[in-house]
Amino acid sequence: AGDGLHQLDRPTDVLIDKETDSLITCDPGNRRVVRSPRRSGTTQGEILIDNIACWGLAMDEQRYLYVSDYVKNEVRRYRFGDNRGTLVAGGNGEGNGLNQFNLPTFIFVDRQQNVYVSDFVNNRVMKWVEGAKEGIVVAGGQGAGSALTQLSSPLEVFVDTLGRLYVVDQGNQRVIRWAQGDKKEGTVIVGGNDWGAGANQLSGPVGLSFDRHGNLYVADMGNQRVQRFSIEKDC
């Protein structure tokens, strides 16, 4: 841990910038977003955005960078070289209104530049359409709980090509999926069998990712492991 350009302090999210062959990392302990070359033997990074309580990162097809700020309760979109950015979600103080967040964490941006934000304390996922002044609840928002209509401390989010939303529902030790246009209740995809180290259990899950074959990878923090699950494409 440290604040040198070759160091990080409690990083929360990372993405690969293929065009520059580099890693872009949220470094909240140092209140910055940094870019580091992936080439071996080169560890010196550069600061892209400073003075930001960042948590989540995303990049769209136009190479705009999206960053959540969990203190300002907002998401901004940045061009490379721009340290100010453009507000795209939240920015109206802490709260549970449709134009507010309470500790936004992970984000996902689809091809239409819709921004999905995991709203941690509000136990919901919000979708902000390009240019909108308020968001839409697309998962949870019914208070903390374990019902299929609820989330508890949601973290990473992902939207597949069919528009289905996947959420790491940490408080419920599960990954849950909402179909497009149906925010009434989700479907448990993995976990949901209480805390544990079994093959069908999670313990403090944080992140998720998919490969090109549709396999789901889950960062299972409490169990010190990453689990891979085969997900039926038509389920």
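Residues numbered from 1 in each chain as written. Predicted model: local features only at pLDDT ≥ 70, side-chain atom pairs only at ≥ 80, totals over all residues. Heavy atoms only, no water.

Going by an unreviewed UniProt entry, the chain carries the name NHL repeat-containing protein and comes from Rotaria socialis.

Draft legend 1. Region of the structure containing the overall build of the chain. Summing up its helical and strand segments, the chain has 0 helices and 19 strands in all. Relative to the 2.2 N^0.38 estimate, which gives 18 Å for 235 residues, the radius of gyration of the chain is 17 Å and therefore close to what a compact globule would have. Taken along the three principal axes of its C-alpha coordinates, the chain extends 45 × 40 × 30 Å. Among the 235 residues that make up the chain, the fraction classed as buried is 50%. Counting only contacts in the chain whose residues sit at least 6 apart along the sequence, the fraction spanning at least 24 positions is 38%. (Helix = DSSP H or I, 4+ residues; strand = E, 2+ residues; numbered from the N terminus. Rg over C-alpha atoms; globule rule 2.2 N^0.38 Å. Buried < 20%, exposed > 50% of the residue type's maximum accessible area, 1.4 Å probe, protein only. Contact = heavy atoms within 4.5 Å.)

Draft legend 2. Expanded view of the sheet that holds strand β15 (residues 174-178). In space, the 4 strands of this open sheet follow the order β13-β14-β15-β16, with antiparallel pairing throughout. With partners counted over all chains shown, the strands left at the sheet margins are β13 (154-159) and β16 (187-191), one partner each. If you compare each strand with its neighbour and ignore which way they point, the axes differ by 25 degrees on average. Sheet topology places β15 next to β16; 4 bridges connect them, and they run antiparallel. Note that in β16 the partner of R177 across the bridge is T187. (Pairing = 2+ DSSP bridges. Axes fitted to C-alpha atoms, helices over the stretch in contact; angles between N-to-C directions.)

Draft legend 3. Seen up close, the side chain of D13. Looking at the element boundaries, D13 is found in strand β1 (residues 13-17). Buried charge without a partner: D13 forms no salt bridge, and the closest opposite charge is R38, 14 Å away. Separated by 3.0 Å, the side chain of D13 and the backbone nitrogen of L57 make a polar contact. (Lys, Arg positive; Asp, Glu negative; His and termini not counted. Salt bridge = Lys/Arg side-chain N within 4 Å of Asp/Glu carboxyl O. Polar contact = N/O pair within 3.5 Å; in protein donor to acceptor, adjacent residues only side chain to side chain.)

Draft legend 4. Highlighting the sheet that holds strand β19 (residues 225-230). Spatially, 3 strands are ordered β17-β18-β19 in an open sheet, and the strand pairing comes out antiparallel. Looking at strand neighbours, the two that pair on one side only are β17 (205-210) and β19, the edges of this open sheet. Along the sheet, successive strands turn relative to each other by an average axial angle of 25 degrees, direction set aside. Of the pairings in the sheet, the one linking strand β18 (residues 215-220) to β19 comprises 6 bridges and is antiparallel in character. For A219, the partnering residue across the bridge sits in β19 and is V226.

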